[in-house]
Amino acid sequence: MAGSEPKKLRRDAAENADRLIAAAVRSGLAEGRFVPLEKIAADAGVGIGTLYRRYPNREALLEAMAVRAYRLILAEAEDALASGETGRDAIARFLRQSFEHHDQLVLPLHGGPMTEGTESAELRGRMQQTMAAIVARGHADGSVRREVDAGTVVRFGAMLAQPMPNVSDWPRAAEEQRAIFLRGISPDTGE
């Protein structure tokens, strides 16, 4: 629940939880959201009982994956807000840095549950506020078109996070798409 302090795990339990989430991310990328939990446990090198002790059902595992992803992406958004000279600079930094985590963002960008009253919901709200602040800075300093909103940026970042299977060098292609997007969100310069 939002606002409640999570219980500190023993080191071995924390390592198992990390391995389970990593295995769930890999499996989710390879096989989709409904990969069998037994496969995730086996890929993590733990028994199914260990998975169920930590995550009693698929929804609990999906929530943990969403929390991990939101923490990663929120840290990048907060860094971009603090470091970007202009709103457009902050957006560029966010898109570049968040792309580095694209394989970790299976959730929430690609079908995670949008539950309320959870840690992921609280992180999602913080993410929306941070992105809105970045875009508002761009509107105020004139570096971002008025019709661009936080959702525009997040949706574009989500698209970049999904490599196209028929593109052999996705990082290069993603960089090209980022450059085009950034030119597109900048106000016309009269050229």
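Described in the following lines is the structure provided in the data block. (Residues numbered from 1 in each chain as written. Predicted model: local features only at pLDDT ≥ 70, side-chain atom pairs only at ≥ 80, totals over all residues. Heavy atoms only, no water.)

## Remarks on the overall build of the protein
Rules: Helix and strand definitions here come from DSSP, where helices need a minimum of 4 consecutive H or I residues and strands a minimum of 2 consecutive E residues; each element is numbered from the N-terminal end. Reported accessibility uses the Shrake-Rupley method at a 1.4 Å probe radius. Residues are deemed covered only where the shown protein chains occlude them.
On a plain count of helices and strands, the protein comes out with nine helices and zero strands. What you see in the protein, going N to C, is helices and strands ordered as α-α-α-α-α-α-α-α-α. Approximately 10,600 Å² of the protein is accessible, and the part contributed by carbon and sulfur atoms is 53%.

## Some thoughts on the packing of aromatic side chains
Think of a pair of aromatic rings as described by two things: how far the centres are apart, and how the planes are tilted against each other in angle. Which entries qualify depends on this criterion: Aromatic contacts are taken between Phe, Tyr and Trp rings whose centres are within 6.5 Å, Trp giving its six-membered ring; a plane angle under 30 degrees counts as stacked, one over 60 as edge-to-face, and the others as tilted. Between buried and exposed lies partly exposed: a residue is buried under 20% and exposed over 50% of the maximum accessible area for its type, with that area taken using a 1.4 Å probe on protein chains only. By definition, being over a ring means that NZ of Lys or CZ of Arg is both within 6 Å of the ring centre and within 35 degrees of the ring normal.
Counted by the stated rule, this structure contains one aromatic pair. An angle of 5 degrees between the planes, with centres 4.0 Å apart, marks the rings of Phe-156 and Phe-181 as stacked. One end of the pair, Phe-156, is in helix H8 (residues 150–160); the other, Phe-181, is in helix H9 (residues 170–185), and 25 residues separate them in sequence. With respect to burial, Phe-156 and Phe-181 carry one shared label: buried. When the ring centre of Phe-99 is taken as reference, the NZ or CZ atom of Arg-178 above it lies at 5.2 Å.

## Quick notes on the side chain of Ser-143
As a reminder of what qualifies: Throughout, a residue-residue contact means that at least one pair of heavy atoms, one from each residue, lies within 4.5 Å.
In this fold, Ser-143 is placed in the loop between helix H7 (119–141) and H8. Accessibility expressed as a relative area gives 12% for Ser-143, which makes it buried. In this structure Ser-143 touches Thr-86, Gly-87, Arg-88, Gly-138, Ile-185, Ser-186 and Pro-187, once residues within four positions along its chain are discounted.

## What about helix H5 (residues 87–99)?
As a reminder, the rule being used: A helix is expected to reach a length of 1.5 Å times the quantity of its residues less one.
Under the 1.5 Å per step criterion, the end-to-end length of H5 is 18 Å for 13 residues, consistent within 8% with the ideal 18 Å. Elements that come into contact with the buried residues of H5 comprise helix H4 (58–83), H7, H8 and H9.

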